[in-house]
Amino acid sequence: RLKVTQEVLDSIKLLKMYHWEKAFLDRVTELRDEELRLLKRYMTVQSFSRASYSTVSTLTSLACFATYVLIHGTMTPEVAFVG
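All residue numbers refer to position in the chain's written sequence, counted from 1. Given that this is a predicted model, residues contribute local features only at a pLDDT of at least 70 and side-chain atom pairs are listed and counted only at 80 or more, while totals for whole chains, interfaces and linings are drawn from all residues. Based on all heavy atoms of the structure, the side-chain values leave hydrogens and waters out of the count.

**Quick notes on the pattern of salt bridges**
By convention in these notes, a salt bridge is any Lys or Arg side-chain nitrogen within 4 Å of a carboxyl oxygen on Asp or Glu. Summed over all chains, the structure comprises two salt bridges. The partner of Asp26 in a salt bridge is Lys22, with the nearest N and O atoms 3.1 Å apart. Note that Asp26 and Lys22 are positioned in helix α3 (residues 21–72) at a spacing of four residues, about one turn of the helix. Two residues, Glu34 and Arg37, come together in a salt bridge whose shortest N-O distance is 2.6 Å. Only DSSP runs of H or I with at least four residues qualify as helices, and only runs of E with at least two residues qualify as strands; both kinds are numbered from the N terminus onward.

Here it is in structure tokens:
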């Protein structure tokens, strides 16, 4: 998008002379929309990644404790915090 914008600014006299403003505006808008679509996708993946990163350790601990309780019946603080 920056490359096309710079191209437009460099050749503004030609654009005005041949009335190409609309064509270049459409092209810059199309590139901008694509860039925004990719940024939204990136932010969605980033949000999911951060959310899963912050919850995985808690879920792992809960799964370990639940498995121990299912196998052995009860869990005391000694077993949970000492070993």
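**Details of the packing of helix α1 (residues 2–10) against α3**
In the contact formed by α1 and α3, the axes pass within 9 Å of each other and the chain directions differ by 160°. Here α1 is positioned roughly antiparallel relative to α3, judged by the angle of their axes. Where α1 crosses over α3, the two elements pack in a sense that is left-handed. Contacts between α1 and α3 involve Val4, Thr5, Glu7 and Val8 on the former and, on the latter, Phe24, Arg27, Val28 and Leu31. Side-chain classes follow a simple rule in which Ala, Val, Leu, Ile, Met, Phe, Trp, Tyr, Cys and Pro form the nonpolar group, Asp, Glu, Lys and Arg form the charged group, and the remainder, Gly included, forms the polar group. Considering only residue class, the contact of α1 with α3 consists of five nonpolar, one polar and two charged. Angles shown run from 0 to 180 degrees and are taken between the N-to-C directions of axes, each axis being a line fitted to C-alpha atoms and, for helices, limited to the stretch in contact. Put simply, angles under 35 degrees are roughly parallel, angles over 145 are roughly antiparallel, angles from 65 to 115 are roughly perpendicular, and the rest are oblique. For any helix crossing, the convention is left-handed if the near helix is rotated counterclockwise from the far helix by under a right angle, and right-handed if that rotation is clockwise. We call two residues contacting when some pair of their heavy atoms lies within 4.5 Å.

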